[in-house]
Amino acid sequence: MLLGLMRALGLCFGTVDLKITEQGEHVFFEVNPRGQFLCIEILTGLGISAAMAGLLAGDRRRA
């Protein structure tokens, strides 16, 4: 559903704010097209900064 939302909004990047309730339900708050991602990169080891730099430089490949 989130990928569909991103496509509908024409976004190739966005950070999403979600909450999981005590009942296990996912609640969507917002998608921020200029959100911060460095903390996720540090925690996961994913090369988000390099991918974003490549995207800005015109490299549209998907990793």
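Please read these numbers as outputs of a predicted model, since none were measured by experiment.

Here is what the cut-offs are and how they apply
Residue numbers run consecutively from 1 along every chain, following the written order of its sequence. Local features in this predicted model are restricted to residues of pLDDT 70 or higher, and side-chain atom pairs are both shown and tallied only at a pLDDT of 80 or more, whereas totals for entire chains, interfaces and linings draw on every residue. Excluding hydrogens and water, the side-chain figures rest on all heavy atoms present in the structure. Numbering of helices and strands runs from the N terminus; a helix is a DSSP stretch of H or I covering at least four residues, while a strand is a stretch of E covering at least two. Remark: exposure states derive from per-residue accessible area (1.4 Å probe, protein chains only) relative to the maximum for the residue type, with buried under 20%, exposed over 50%, and partly exposed in between. For this analysis, residues touch if any pair of their heavy atoms sits within 4.5 Å. Throughout, the Shrake-Rupley method with a 1.4 Å probe supplies accessible areas, and for residues the shown protein chains are the sole cover considered. The directions from the helix axis to the C-beta atoms are what the arc is built from. Pairs of strands are assigned from DSSP output, requiring at least two bridges between the strands. Stacked, tilted and edge-to-face pairs are distinguished by plane angle, under 30 degrees for stacked and over 60 for edge-to-face with tilted covering the rest, among Phe, Tyr and Trp rings (Trp via its six-membered ring) whose centres lie within 6.5 Å.

1. So, the overall build of the chain
Okay, step 1: Counting secondary structure elements, the chain contains three helices and two strands.
Okay, step 2: When its C-alpha atoms are laid out on the principal axes, the chain stretches across 40 × 30 × 20 Å.
Okay, step 3: Relative to its full complement of 63 residues, the chain shows a buried share of 17%.
Okay, step 4: For the chain, long-range pairs separated by at least 24 residues make up 14% of all intrachain contacts whose partners lie at least 6 apart in sequence.
Okay, step 5: Element-wise, carbon and sulfur atoms account for 60% of the exposed surface of the chain, whose accessible area totals about 5,400 Å².

2. Some details on helix H3 (residues 48-56)
Okay, step 1: Every buried residue of H3 is accounted for by Ile-48, Met-52, Gly-54 and Leu-55. Axial view of H3: buried residues confined to an arc of 160°, hence all on one face.
Okay, step 2: The elements touched by buried residues of H3 are helix H2 (38-44).
Okay, step 3: Just past H3, the residue Gly-58 takes up positive phi, approximately 100°.

3. Remarks on the pairing of strand E1 (residues 15-20)
Okay, step 1: In the sheet, E1 pairs with strand E2 (residues 26-32) via six bridges, with the strands oriented antiparallel. Bridge pairing links Leu-18 to Phe-28 in E2.

4. Quick look at the environment of His-26
Okay, step 1: By the element assignment, His-26 lies in strand E2.
Okay, step 2: Excluding its chain neighbours within four sequence positions, the residues that come into contact with His-26 are Lys-19 and Ile-20.

5. Description of the packing of aromatic side chains
Okay, step 1: Overall, the coordinates contain one aromatic pair when judged by the stated rule.
Okay, step 2: Between the aromatic rings of Phe-13 and Phe-37, the centroid separation amounts to 5.6 Å while the plane-to-plane angle is 80°, which identifies the pairing as edge-to-face. Residue Phe-13 is located in the loop between helix H1 (2-9) and E1, and its partner Phe-37 is located in the loop between E2 and H2; the two are separated by 24 residues in the primary sequence.

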